[in-house]
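The lines below spell out each chain.
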Amino acid sequence: MRIHVSHATVYRYDPPANGAIQILRLTPRSHDGQYVVAWRIDVSESCRLQAHEDAFGNLTHTFAVEGPLAELRVTVEGEIETQDTSGVVRGTVERFPPSLFLRDSELTASSAEMRQFAQEETGDEPDLLARLHRLMGGLARVMTYDPDPTVVSTKAAEAFGLKRGVCQDFAHAFIGCARHLGIPARYVSGYLVGDGASAEQGAGHQAGHAWAEAHVEGLGWVGFDAANDVCPTDAYVRVAVGLDYLSAAPVRGNRYGGGDEVLSVALTVDQSSRQVQG
């Protein structure tokens, strides 16, 4: 599939901010099943985008702008060719052994309720891949997609207790449960065909999609999207990975001075009309 992504994030400050600095994890890498045809990041203010890789091998860009700053716009646009690999991820940059992703974080730490759920849901299934599918299906069954009760700082245990949340919460819950079962798991941020948003919110919420990957010995990393109860297909664009949302967040940063911050997001992810001819 050839996928077109258009993602605009606009910050408005009233009164204007004195300046801002941001770290962007908005650039996907090519790997087996995913080829980046074209990708571009634009910032509305005059600045230098400094490209580098973070500890997890994600492509990142940082920039700093000086005010007065009434509005700051970050726009991403690009095209990616994808193939369905049944969720199996190969050819990626791997900086750490899978065992690192057994480490809990504040956002993914499991509660007693989550641990009991993980044990009961997977039972004594000896096949690791089958256990992970059971876990994904169980979370999809007991949790309801609902954007209202959670925010980006909501912990897995809180969202699981509510049995509600967004894709980020499903991913954190899956990761916390998998790690309790002794299975390395990590957070993935990216895009999904059909994603679309045009909204104005308070600071701290960006559009996009999120899911988890778990490491299966002999097979490698495999994606699990508990929010949709499916392993990622060719409709997914994989952008960044980390221990949790904070280490794979599309945008993180700070502004200096100013008053209220209002964030507007416009996102479209669709199948490109420029398909590859076989």
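None of these values were measured; they are calculated from a predicted model. (Residues numbered from 1 in each chain as written. Predicted model: local features only at pLDDT ≥ 70, side-chain atom pairs only at ≥ 80, totals over all residues. Heavy atoms only, no water.)

Re the overall build of the protein
What the protein contains, in helices and strands, is five helices and 14 strands. For a compact globule of 278 residues, the expected C-alpha radius of gyration is about 19 Å, and the protein comes in at 19 Å, within 12% of that figure. Within the protein, buried positions represent 51% of all 278 residues. Contacts in the protein between residues at least 24 apart in sequence constitute 77% of all its contacts with a sequence separation of at least 6. In the structure as shown, the protein presents an accessible area of about 12,400 Å², 48% of it carried by carbon and sulfur atoms. Each charge sign in the protein was given a centre, from 23 positive and 36 negative side chains, and these centres are 4 Å apart. (Helix = DSSP H or I, 4+ residues; strand = E, 2+ residues; numbered from the N terminus. Rg over C-alpha atoms; globule rule 2.2 N^0.38 Å. Buried < 20%, exposed > 50% of the residue type's maximum accessible area, 1.4 Å probe, protein only. Contact = heavy atoms within 4.5 Å. Areas by Shrake-Rupley, 256 points an atom, 1.4 Å probe, with all protein chains shown as cover. Lys, Arg positive; Asp, Glu negative; His and termini not counted. Charge placed at Lys NZ, Arg CZ, Asp CG, Glu CD.)

Comments concerning the packing of aromatic side chains
Here the structure, examined in full by the defined rule, presents nine aromatic pairs. A centroid spacing of 6.5 Å and a plane angle of 45 degrees characterise the contact between tryptophan 39 and tyrosine 191, whose relative ring orientation is tilted. A residue pair is termed long-range when its members are at least 10 positions apart, and tryptophan 39 in strand β2 (residues 34-43) and tyrosine 191 in strand β8 (residues 185-192) qualify at 152 residues. Where phenylalanine 174 meets phenylalanine 224, the ring centres are 5.3 Å apart and the plane angle is 20 degrees; that geometry is what we call stacked. (Phe/Tyr/Trp six-rings, centres within 6.5 Å; stacked < 30°, edge-to-face > 60°.)

Some details on the sheet that holds strand β5 (residues 88-89)
Strand order in the open sheet formed by five strands is β5-β11-β10-β8-β12, and the pairing between neighbours is antiparallel. Lying at the two open borders of the sheet, with one neighbouring strand each, are β5 and β12 (236-242). (Pairing = 2+ DSSP bridges.)

Structural notes on the packing of helix α1 (residues 112-122) against helix α4 (residues 167-180)
One can describe the packing of α1 onto α4 by two numbers: an axis separation of 9 Å at closest approach and a directional angle of 70 degrees. One way to sum up the angle between α1 and α4 is to call them roughly perpendicular. Of the two possible hands of crossing, α1 and α4 adopt the one that is right-handed. On the side of α1, the interface is formed by Met114, Arg115, Phe117, Ala118 and Gln119, while α4 contributes Ala173, Gly176, Cys177 and His180. (Axes fitted to C-alpha atoms, helices over the stretch in contact; angles between N-to-C directions. Parallel < 35°, antiparallel > 145°, perpendicular 65-115°, else oblique. Left-handed = near helix turned anticlockwise from the far one by under 90°.)

Considering the nonpolar core
Among the nonpolar cores identified, the biggest contains 65 residues, and Leu72, Leu139, Phe174 and Tyr191 are the most heavily contacted of them. Those residues in contact with leucine 139 that lie beyond four places of it in its chain are Phe117, Phe160, Phe170, Ala173, Phe174 and Ala226. Membership of the second largest hydrophobic core comes to 12 residues, among which are Leu100, Trp211, Ala235 and Tyr236. (Core = buried A, V, L, I, M, F, W, Y, C linked by side-chain atoms within 4.5 Å.)

Re the confidence of the model for the protein
For the protein, the average pLDDT comes to 92, and 95% of its residues sit at 70 or higher. In this model, residues 201-205 is a region of pLDDT below 50 whose contacts with residues beyond four sequence positions or in other chains number 12 contacts. (pLDDT = per-residue confidence, 0-100.)

As for helix α2 (residues 128-142)
Residue pairs three or four apart in sequence face the same way in an α-helix, which turns once every 3.6 residues. Over its 15 residues, α2 extends 21 Å from the first C-alpha to the last, a length consistent with the 21 Å expected when each residue adds 1.5 Å. In this structure, the buried side of α2 is in contact with α1, α3 (156-162), α4, β10 (209-216) and β11 (220-224). Regarding α2, its N-cap is aspartate 127, as a side-chain oxygen of that residue lies 3.3 Å from the backbone nitrogen of leucine 129 further along. (Expected span 1.5 Å × (residues − 1). Polar contact = N/O pair within 3.5 Å; in protein donor to acceptor, adjacent residues only side chain to side chain.)

Overview of unusual backbone geometry
Among all residues except glycine, the phi angle is most often negative; among peptide bonds, the trans geometry is most common. Each neighbour pair has its own omega, and for aspartate 14 with proline 15 the value is 0 degrees, a cis peptide bond. Inspection of the secondary structure assignment puts proline 15 in strand β1 (residues 2-27). Following glycine 67, the chain continues into proline 68 via a peptide bond in cis, with omega recorded as 5 degrees. Assignment of secondary structure puts proline 68 in strand β4 (residues 59-82). Backbone geometry at serine 86 places phi at a positive 60 degrees, although glycine is not the residue there.

Details of the side chain of threonine 27
Looking at the secondary structure, you find threonine 27 in strand β1. If near-sequence neighbours (up to four positions away) are discounted, threonine 27 is found in contact with Trp39, Ile41, Leu59, His61 and Val239.

A few points about α4
If you check α4, its first and last C-alpha atoms are 20 Å apart, about what 14 residues at 1.5 Å a residue would give, namely 20 Å. Positive phi shows up at glycine 182, right after α4, with a value of about 85 degrees.

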